[in-house]
Amino acid sequence: MEIAKAIDLHYLAVRDGAKYSQRRALFDRLVEPAGKHFLGIVGPRGVGKTVLLKQLAAMDDRTFYLSLDTVPTEMDVFELIRRLSEDHGYQTFLLDEIHYYPGIDGVLKRLYDFLDLRVCFTSSMALALHESAHDLSRRVRLLNLLPFSFREYLSFRHREQHEPLTLNHIIAKQWSPEHLRAGLRFDAYLRGGSMPFAADEPDVLPLLRNILDTIITRDIPRVARLHTDELDTIRRLVQFIGRAAIDGINYSSLSRNLQITKYKAEQYIGLLQTAFVVQRAFPAGTSVLREPKVLLGLPYRLLYRDYGDAIGGLREDFFAEAMRQAEIPFSYLKGTRGQKTPDYLMEHDGEKLVIEIGGQGKGRGQFKGVKPDRKLILTHGDRSDGMYRPLFLLGYLV
């Protein structure tokens, strides 16, 4: 790629970035002084990482946008950036989708060590960064850009501004009537509203299907050496998770149903988690087999089941996503000998908080034999008496 072509593409990105008036919360953190270290933005495809970089490029004429999925692999990216810096005066470089460029970890190391620049980059594959062959730990600070929380969805899609809540607010029923009224939009959020592109796409599923195909056929092969037939197995694995009941999806059940080894099931789930397609919840305690429960990212389950049929799984997918958004660790509760147990356990203010997720019919019977410090039943609705709380309120957590 010639310098002139790179500059032309940069100006196209700047014009595109100027069209977007609303900004994700992460934007303000990126424009703050960052010190010497580079910033890496990791998140799923479709959540707005490219738009975020283009908005940054449009804000400062000394900032340069470069998408590495358009750069020939034989191109010396370090030399390109050096020339743009020394000859054209650019001081900040925004590198999009870095996992498409082979050896990018070495390029980042050289940029950090030899040029006085600021670099911000994105990747849809966390594995490409966390398992770098070079030691980038002191050079790079990673930030997550995840799908919209329910609160962000209300802000971007409906121009509604709501105060954030904490778990203590939810437990103590300290929310506003406006928080509750917005719950009427929760089903639309679960149907695909968590993905920013849903604002421009009435039917998100075709685009989501294309995103998943790109992840399997392009992103995963970039970071893992797999045979071609293994990519089809990964596709069938996601399909199996999407079509199956949510309970009992783990390495053993995937191995048994897909006729692969447990080692391969674990490897594939690990790759899909780094691409933000699945999320693992590990069991509480130390006396149970350490196989995780496998959940899907929102709203992938809808690629395989109708909304009414998928709603139970979507509720738990939402819970896991809300916990990830708020950076709250949680575990799932695993019964013995067929014993029914609640869904999840977390530590909160020094107490064990046990949570059951479901529809309005869930009751106290779910907690038989369990003695936590506090119990909550999170239901799909606005019920808030006793131990019941509306599930969607987790979408206001920060």
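Trainee: Before we go on, may I ask you to explain the packing of aromatic side chains in this structure?
Mentor: Think of a pair of aromatic rings as described by two things: how far the centres are apart, and how the planes are tilted against each other in angle. Counted under the stated rule, the structure contains 18 aromatic pairs. Taking the centre distance of 6.2 Å and the plane angle of 20° together, the rings of F150 and Y153 count as stacked. Placement of the pair is F150 and Y153 together in helix α7 (residues 150–158), with a separation of three residues, close to one helical turn. Taking the relative accessible area as the measure of exposure, Y153 reaches 3% and is therefore buried. Ring geometry for F319 and Y344: centres 4.7 Å apart, planes at 20°, overall stacked. One end of the pair, F319, is in helix α15 (residues 307–326); the other, Y344, is in strand β9 (residues 344–348), and 25 residues separate them in sequence. Under the relative-accessibility criterion, F319 is labelled buried at 0%.

Trainee: What should I look at first to understand the pattern of salt bridges in this one?
Mentor: Working definition: two side chains of opposite charge can pair if their charged atoms are close together. Applying the stated rule across the entire model yields 22 salt bridges. In this structure, the salt-bridge partner of K54 is D16, at a minimum N-O distance of 3.0 Å. One end of the pair, K54, is in helix α3 (residues 49–59); the other, D16, is in helix α1 (residues 3–17), and 38 residues separate them in sequence. Of the two residues, K54 and D16, both sit in the buried class. R324 is the partner of E321 in a salt bridge, and the nearest nitrogen-oxygen pair spans 2.6 Å. Residue E321 and its partner R324 are located together in helix α15, separated by three residues, close to a single helical turn. Judged by its relative accessible area of 5%, E321 is buried.

Rules used throughout
Residues numbered from 1 in each chain as written. Predicted model: local features only at pLDDT ≥ 70, side-chain atom pairs only at ≥ 80, totals over all residues. Heavy atoms only, no water. Phe/Tyr/Trp six-rings, centres within 6.5 Å; stacked < 30°, edge-to-face > 60°. Helix = DSSP H or I, 4+ residues; strand = E, 2+ residues; numbered from the N terminus. Buried < 20%, exposed > 50% of the residue type's maximum accessible area, 1.4 Å probe, protein only. Salt bridge = Lys/Arg side-chain N within 4 Å of Asp/Glu carboxyl O.

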